[in-house]
Amino acid sequence: MKIAHYDFAIVGAGPAGSACANALLLEGASSVLLVDRARFPRDKICGDGIGPGVIAILDALELGHILDGHRRVTQMVMTSPLGGRMTLNDNQIKNQSPLGYVIRRDEFDHALVTAALGRGCADMTGWSLEFADHVDGRWRLDLKNSETKEPYSVTADVLIGADGATSRVRRLLGQPFN
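Residues numbered from 1 in each chain as written. Predicted model: local features only at pLDDT ≥ 70, side-chain atom pairs only at ≥ 80, totals over all residues. Heavy atoms only, no water.

(A) Fine view of helix H1 (residues 15–26). Taking 1.5 Å of rise per residue, the 12 residues of H1 would be expected to cover 16 Å, and the 16 Å separating its terminal C-alpha atoms lies within 8% of that figure. Within the sequence span of H1, burial applies to Gly17, Ser18, Ala19, Ala21, Asn22, Leu24 and Leu25. Elements that come into contact with the buried residues of H1 comprise strand S1 (4–11), strand S2 (32–36), helix H3 (105–118) and strand S11 (151–161). Immediately downstream of H1, the backbone of Gly28 shows phi near 100°, a positive value. (Helix = DSSP H or I, 4+ residues; strand = E, 2+ residues; numbered from the N terminus. Expected span 1.5 Å × (residues − 1). Buried < 20%, exposed > 50% of the residue type's maximum accessible area, 1.4 Å probe, protein only. Contact = heavy atoms within 4.5 Å.)

(B) Highlighting the side chain of Asp106. Its location among the elements puts Asp106 in helix H3. Given the relative accessible area of 14%, Asp106 is considered buried. At 2.6 Å, the side chain of Asp106 forms a polar contact with the side chain of Arg104. Excluding its chain neighbours within four sequence positions, the residues that come into contact with Asp106 are Pro41, Arg42 and Asp43. (Polar contact = N/O pair within 3.5 Å; in protein donor to acceptor, adjacent residues only side chain to side chain.)

(C) Structural view of the nonpolar core. In terms of nonpolar packing, the biggest core is built from 18 residues, with Leu33, Met124, Leu141, Leu143, Val154 and Leu159 touching the most fellow members. Those elements that place two or more of their residues in this core are S1, S2, strand S8 (122–125), strand S9 (127–135), strand S10 (138–145) and S11. The element contributing the most residues to this core is S1, with 4 residues. Those residues within four positions of Leu143 in sequence are excluded, and the remaining contacts are Val35, Met124, Trp127, Ser128, Leu129, Glu130, Glu150, Pro151, Tyr152 and Val154. Counting residues in hydrophobic clusters, the runner-up holds 13 residues, among them Leu63, Ile66, Tyr101 and Leu112. (Core = buried A, V, L, I, M, F, W, Y, C linked by side-chain atoms within 4.5 Å.)

(D) The arrangement of the state of the cysteines in detail. This structure, assessed with the given rule, holds 0 disulfides. Here Cys20 is not disulfide-linked; the sulfur of Cys121 is the nearest cysteine sulfur, at 9.5 Å. Of the residues examined, Cys121 reaches a relative accessible area of 7% and is grouped as buried. (Disulfide = S-S within 2.5 Å.)

(E) Looking closely at the pattern of salt bridges. According to the stated counting rule, one finds 5 salt bridges in the structure shown. The partner of Arg168 in a salt bridge is Glu130, with the nearest N and O atoms 3.9 Å apart. You can see Arg168 sitting in helix H4 (residues 168–172) and its partner Glu130 sitting in strand S9, a full 38 residues away along the chain. Arg168 sits in the partly exposed class, given a relative accessible area of 29%. (Salt bridge = Lys/Arg side-chain N within 4 Å of Asp/Glu carboxyl O.)

(F) Layout of the packing of H1 against H3. Between H1 and H3, the shortest axis-to-axis distance is 8 Å and the interhelical angle comes to 25°. When the axis of H1 is compared with that of H3, the two are roughly parallel. For the pair H1 and H3, the crossing hand works out as left-handed. Counting all contacts with H1, which are made through Pro15, Ser18, Ala21, Asn22 and Leu25, the residues of H3 involved are Arg105, Phe108, Asp109, Leu112, Val113, Ala115 and Ala116. Here the residues of the contact of H1 with H3 sort into 8 nonpolar, 2 polar and 2 charged. (Axes fitted to C-alpha atoms, helices over the stretch in contact; angles between N-to-C directions. Parallel < 35°, antiparallel > 145°, perpendicular 65-115°, else oblique. Left-handed = near helix turned anticlockwise from the far one by under 90°. Nonpolar A, V, L, I, M, F, W, Y, C, P; charged D, E, K, R; others polar.)

Nothing here speaks to function; it is geometry throughout.
What follows is the structure in C-alpha cells.
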C-alpha cells in the first residue's frame, strides 16, 4: 500500500491551523494536509469575537471577505477585577482598524477551512491523530477516522501542531503543555 506524502501536515483545523494552511498555500507550498478529529462546520464555545489583529491577518491571507455582512463592534467596555471600568469607542481609535467583528465561531472556522480546501489543501477533517513518529527525515502520522475507526497513514516533511491547549501533537511527542 502506498502512503500519501505531503510537504506539510497540520493537525488542528481551527483558526490557527486553517490560517497556517492558507498562508502556506498562498506562499506556493505544493502539498498541505489539514487533519482534525472534527468535521466542519463545528461549533466551539470559546468566543465569537474577531479582534483588529485577526482582521489584519485575514486581509493578508486575502480572506477579508469572510467578515462581509457581519456585525462590526463599535464600542467595548472592560472591567478590571478590582472594579475599574473603561469604555472605548471606535471614534477614539486613530488608525483605520475597527475594534472587531462578531461572527459565529462555527461559521468563521468553516470559512477558513473551506478557503484552505479551495486553495488545494488536502482534507482529513474527521480524522484523529493516533501516533506521530519522525523517521528518516520525515514524519509518519497514523490517523483514525472519527466515525468508522478506519486507520490510515500519511507522511510529511513538516508537522505543525495547531490543536489547542491539550495538544495531541505535544502529548505524542512527549512535550510539556505550554
